[in-house]
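# Structural overview for review
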Amino acid sequence: MNDRPHPTAEFGIRAARTDDPAEADRLYDICLRTAASGKDATGSFEDPRLPGDIFLAPYLRYAPDLAWVLARPDRPASGYVLGVADTASFERTLEREWWPGLRARREGVPFREGSRDAFARKWIDRPPTAPAEVAAAYPAHLHIDLLPEAQGGGNGSRLIHTLLGALRSRGVHGVHLGVGKANAGAVGFYRHLGFEVLAEDPNSFTLGMKLLERGSPQGLSSGS
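On a predicted model such as this, the values are computed, not experimentally measured, just so you know.

## Examining the confidence of the model for the chain
The predicted model of the chain averages 91 in pLDDT, with 91% of residues at 70 or higher. Here residues 2-9 scores under 50 on pLDDT; set against residues more than four positions off or in separate chains, the count is 19 contacts. Every residue in residues 219-224 scores below 50 in pLDDT, and together they form 11 contacts with partners more than four places removed in sequence or on other chains.

Structure below.
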């Protein structure tokens, strides 16, 4: 994604309605329509709910107070940001309560090797976890997805800063995220916001940002 200038400035930010099935379905749709390195993956999955089952629904269930959407007045959401304050605890919760159910529901369901469904199924079976050193120094993490209609005009930056402000108010001292190297626009967007490369592999970067110095008062960012 990127934050290029855009003539539409009517989007607002509100808390996600995590108990509203219609909103959840809309957010699942956004997740699918941004699942190909930020581009539309509609038609690429035999099970189109797989991206949302991995990258959306666990956050709505286990961290609903760190979920915001971008939407025009009286219109469905056009984007969202999701986060958790404690990645290590979140990962343990998912391994105990979330992934087993997904594995059981999809056991025996066929999929084509090399397909996007196969990649998603491998993720569910063996979900990656944050390296201990990253989770210690940057304990929070986030996901953000915007449809093309909402990209630009500072919308992505406003969503990110909404989440970062909430994390700072909780005394969280750092946040990280993963981004595919193929998504050059997103990499540039995060670097512009101040995220730095913490690690990389052939396909992706792990980026991080300090929010508070350890021991500093809540609400004061690093370098304030």
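## Points about the packing of aromatic side chains
Applying the stated criterion to the full structure yields 6 aromatic pairs. Seen from their ring centres, F55 and W123 are 5.0 Å apart, and the 70° between their planes marks the pair as edge-to-face. Residue F55 is located in helix α2 (residues 50-55), and its partner W123 is located in helix α5 (residues 116-125); the two are separated by 68 residues in the primary sequence. Look at F55 and you get partly exposed, because its relative accessible area is 25%. Taken together, the aromatic side chains of F55, F119 and W123 make up a single cluster linked through ring pairs.

## Quick notes on the pattern of salt bridges
In this structure the tally under the stated criterion is 12 salt bridges. The partner of D29 in a salt bridge is R26, with the nearest N and O atoms 3.9 Å apart. Remark: R26 and D29 occur in helix α1 (residues 21-33); sequence separation between them is 3 residues, near one turn of the helix. The closest approach of N and O atoms between D65 and R170, which form a salt bridge, is 2.4 Å. In this pair, D65 is assigned in the loop between α3 (57-62) and β2 (67-71) and R170 in the loop between α7 (155-169) and β5 (174-180), connecting sequence segments 105 residues apart. Looking at D65, the relative accessible area reads 46%, which means it is partly exposed. On the accessibility criterion, R170 (40% relative accessible area) is partly exposed.

## Digging into the side chain of H176
Mapped onto the fold, H176 is located in strand β5. A relative accessible area of 7% places H176 in the buried class. Beyond its immediate chain neighbours, meaning those up to four positions away, H176 contacts T87, A130, V134, Y138, A140, H141, L142, L198, T206, L207 and G208.

What counts and how
Residues numbered from 1 in each chain as written. Predicted model: local features only at pLDDT ≥ 70, side-chain atom pairs only at ≥ 80, totals over all residues. Heavy atoms only, no water. pLDDT = per-residue confidence, 0-100. Contact = heavy atoms within 4.5 Å. Phe/Tyr/Trp six-rings, centres within 6.5 Å; stacked < 30°, edge-to-face > 60°. Helix = DSSP H or I, 4+ residues; strand = E, 2+ residues; numbered from the N terminus. Buried < 20%, exposed > 50% of the residue type's maximum accessible area, 1.4 Å probe, protein only. Salt bridge = Lys/Arg side-chain N within 4 Å of Asp/Glu carboxyl O.

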